[in-house]
Amino acid sequence: MAKRIEAREPAPAVRLPALTDVASLAGVSHMTVSRVINETGPVRAETREKVLAAIEELGYRPNSTARALATGRSRNLGVVALDSTLFGPASTLFGVELAAREAGYGIAIASVSDPRRDAIARAVDSLRRQAVEGVVVIAPHVAAKPALRAAPAGIPLVAVADTDRASIPVVSVDQRDGARQVTEHLLGLGHRTVWHVAGPADWLEARAREQAWRRTLKKHDAEPPPVLRGDWSPRSGYEAGKQLLGERALTAVFVANDQMALGLLRAFSEGGRSVPGEVHVAGFDDVPESAFYPPPLTTVRQDFIEVGRRTFGLLQEQIEGAAAPARSLVPAELVVRESTGA
């Protein structure tokens, strides 16, 4: 005999607290609550405190659509992110998001795998349709430069990119000074020259680091060796390291990021080249793991939280109608560890 299953009534839906609930608990009108939330009018300090206490007690969250209608502002920003799985772009995105969230802004992200001009333009248009107040473009690729030069008018825009030829404000870590610092550090240890494992040629940061490395060597009358090029991955650094094992005169290597430096250290270890005994190695980025590499890695630290703060600051200036500076450079910091004999 089939077992009879009795139908159960669905559980009642949980009602979220409304603006009127806040008004009732605080003993004020709903218009007063609206003025406190949207900052659209004067409210006495003690009344504001009562409203904020009621919001906290009830766990009330304002309706973003209603708030935008009331204030004419969405308090949402858009971010166009390229290659956000890599440490640098991912950390930049986190820095921007953190700065925006601390200022009470939400973030909408449009990921773009193709950095060409039309792809970035479509991503910006998509974010504009979501009523964002401004857009950040994280644009590390050379192919993104035409898009930045032809940025659309009518919406505040800031780019995180190592370029000074954009028509919009840009923020970046000082890549050239970071590469100069690490190259001069290695030369200062007595090396006749410094080899370089560069990043991909279509990345602005890779180009900037390579140019500064070459310029620094020439400034100190050191001959630049042939450049090896990787793709930011530990595997490409490992392959470069295997090639460099045959260079018996090699004593110092500047690797364009810490992930490739990890692969290079592995290749040197397998090939019997002691670091720092025979060769000094330095990277770039200061990823969290670099202090625990075998040996701990000398590298260049990039302050991505500061990048995010400055990026948001320039965007907020535009949103409020002020003219933002054309470029903001965040200092790079050399971190010396055991891989260069510290």
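Residues numbered from 1 in each chain as written. Predicted model: local features only at pLDDT ≥ 70, side-chain atom pairs only at ≥ 80, totals over all residues. Heavy atoms only, no water.

Draft legend 1. Examining the overall build of the chain more closely. Within the chain, the regular secondary structure consists of twelve helices and twelve strands. In the chain, which comprises 342 residues, the share counted as buried stands at 47%. For the chain, contacts bridging at least 24 residues in sequence account for 69% of all contacts bridging at least 6. Element-wise, carbon and sulfur atoms account for 51% of the exposed surface of the chain, whose accessible area totals about 17,400 Å². (Helix = DSSP H or I, 4+ residues; strand = E, 2+ residues; numbered from the N terminus. Buried < 20%, exposed > 50% of the residue type's maximum accessible area, 1.4 Å probe, protein only. Contact = heavy atoms within 4.5 Å. Areas by Shrake-Rupley, 256 points an atom, 1.4 Å probe, with all protein chains shown as cover.)

Draft legend 2. Region of the structure containing the sheet that holds strand E11 (residues 327-330). If you walk across this open sheet you meet the six strands as E2-E1-E3-E4-E5-E11, and the pairing is parallel. Where the open sheet ends on each side, the last strands, each with one partner, are strand E2 (106-112) and E11. Put simply, the sheet's adjacent strands are angled 20 degrees from each other on average, direction ignored. Pairing between strand E4 (residues 157-160) and strand E5 (residues 170-173): two bridges, direction parallel. From the neighbouring strand, Ala159 faces E5, where its bridge partner is Val170. (Pairing = 2+ DSSP bridges. Axes fitted to C-alpha atoms, helices over the stretch in contact; angles between N-to-C directions.)

Draft legend 3. Looking closely at the packing of helix H10 (residues 234-244) against helix H11 (residues 258-271). H11 packs onto H10 with a crossing angle of 40 degrees between their chain directions and a minimal axis gap of 6 Å. Taken together, the axes of H10 and H11 lie oblique to each other. Crossing angle aside, the handedness with which H10 passes H11 is right-handed. Residues Pro234, Ser236, Gly237, Tyr238, Gly241, Lys242 and Leu244 of H10 lie in contact with H11, whose contacting residues are Gln259, Met260, Gly263, Leu264, Arg266, Ala267, Phe268 and Glu270. Looking at the contact of H10 with H11, its residues break down into seven nonpolar, five polar and three charged. (Parallel < 35°, antiparallel > 145°, perpendicular 65-115°, else oblique. Left-handed = near helix turned anticlockwise from the far one by under 90°. Nonpolar A, V, L, I, M, F, W, Y, C, P; charged D, E, K, R; others polar.)

Draft legend 4. Structural context of the packing of aromatic side chains. Counted by the stated rule, this structure contains four aromatic pairs. Residues Tyr105 and Phe312 carry aromatic rings whose centres are separated by 5.3 Å and whose planes lie at 70 degrees to one another, so their mutual orientation is edge-to-face. Of this pair, Tyr105 sits in the loop between helix H5 (87-102) and E2 while Phe312 sits in helix H12 (residues 304-319); the two residues are 207 residues apart in sequence, bridging distant segments of the chain. Relative to Trp232, the ring of Trp203 lies with its centre 5.6 Å away and its plane at 80 degrees, an arrangement referred to as edge-to-face. With Trp203 in the loop between strand E6 (195-198) and helix H9 (204-219) and Trp232 in the loop between strand E7 (228-229) and H10, this residue pair connects regions lying 29 residues apart in the sequence. (Phe/Tyr/Trp six-rings, centres within 6.5 Å; stacked < 30°, edge-to-face > 60°.)

Draft legend 5. View of the pairing of E4. Taking every second residue as pointing to the same face, both faces of E4 are buried, with Leu157 and Ala159 on one and Val158 and Val160 on the other. As paired strands, strand E3 (residues 134-138) and E4 are joined by four bridges and run parallel to one another. Looking across to E4, one finds that Val135 is bridged to Leu157.

Draft legend 6. Highlighting the environment of Ala81. Within the secondary structure layout, Ala81 lies in strand E1 (residues 76-82). Separated by 57 residues in the primary sequence, Ala81 and Ile138 have C-alpha atoms spaced 5.1 Å apart. The residues touching Ala81, leaving out its near neighbours within four places in the chain, are Ile109, Ala110, Ser111, Val112 and Ile138.

Draft legend 7. View of helix H3 (residues 45-58). End to end, H3 covers 20 Å across 14 residues, agreeing with the expected 20 Å (1.5 Å per residue, within 8%). Among the residues of H3, those classed as buried are Thr47, Val51, Ala54 and Ile55. The arc that holds the buried residues of H3, viewed along the axis, is 100 degrees, so those residues lie on one side. Set apart from the buried face of H3 by more than 90 degrees, the exposed residues are Ala45, Glu49, Glu56 and Glu57. (Expected span 1.5 Å × (residues − 1). Arc of directions from axis to C-beta.)

Draft legend 8. Region of the structure containing the nonpolar core. By size, the foremost hydrophobic cluster in this structure holds 34 residues, and its most contacted members are Val79, Val136, Val194 and Phe254. Those residues in contact with Val79, other than ones at most four positions away along the chain, are Leu93, Val96, Ile107, Ala108, Ile109, Ala110, Leu127, Val136 and Ile138. (Core = buried A, V, L, I, M, F, W, Y, C linked by side-chain atoms within 4.5 Å.)

Draft legend 9. Up close: the pattern of salt bridges. Under the counting rule described, the total for this entry stands at 18 salt bridges. One salt bridge in this structure joins Arg214 and Glu210, with 3.1 Å as the shortest N-O distance. Residue Arg214 and its partner Glu210 are both found in helix H9; the two are separated by four residues, about one turn of the helix. Under the relative-accessibility criterion, Glu210 is labelled buried at 13%. A salt bridge links Glu210 to Arg229; its shortest N-O distance comes to 3.0 Å. Of the two residues, Glu210 is situated in helix H9 and Arg229 in strand E7; the sequence distance between them amounts to 19 residues. Look at the salt bridges and you will find they share partners, linking Asp177, Arg180, Glu184 and Lys219 into a network. (Salt bridge = Lys/Arg side-chain N within 4 Å of Asp/Glu carboxyl O.)

Draft legend 10. Representation of the sheet that holds E6. In spatial order, the strands read E7-E6-E8-E9; together these four strands make up an open sheet with parallel pairing. Because the sheet does not close on itself, it has two edges, and the strands there are E7 and strand E9 (280-282). Lying over the sheet, helix H8 (residues 175-188) contacts strand E8 (252-255) and E9, oriented at roughly 170 degrees with respect to E8. Running over the sheet, H11 touches E6, E8 and E9 and is turned about 150 degrees from E8.

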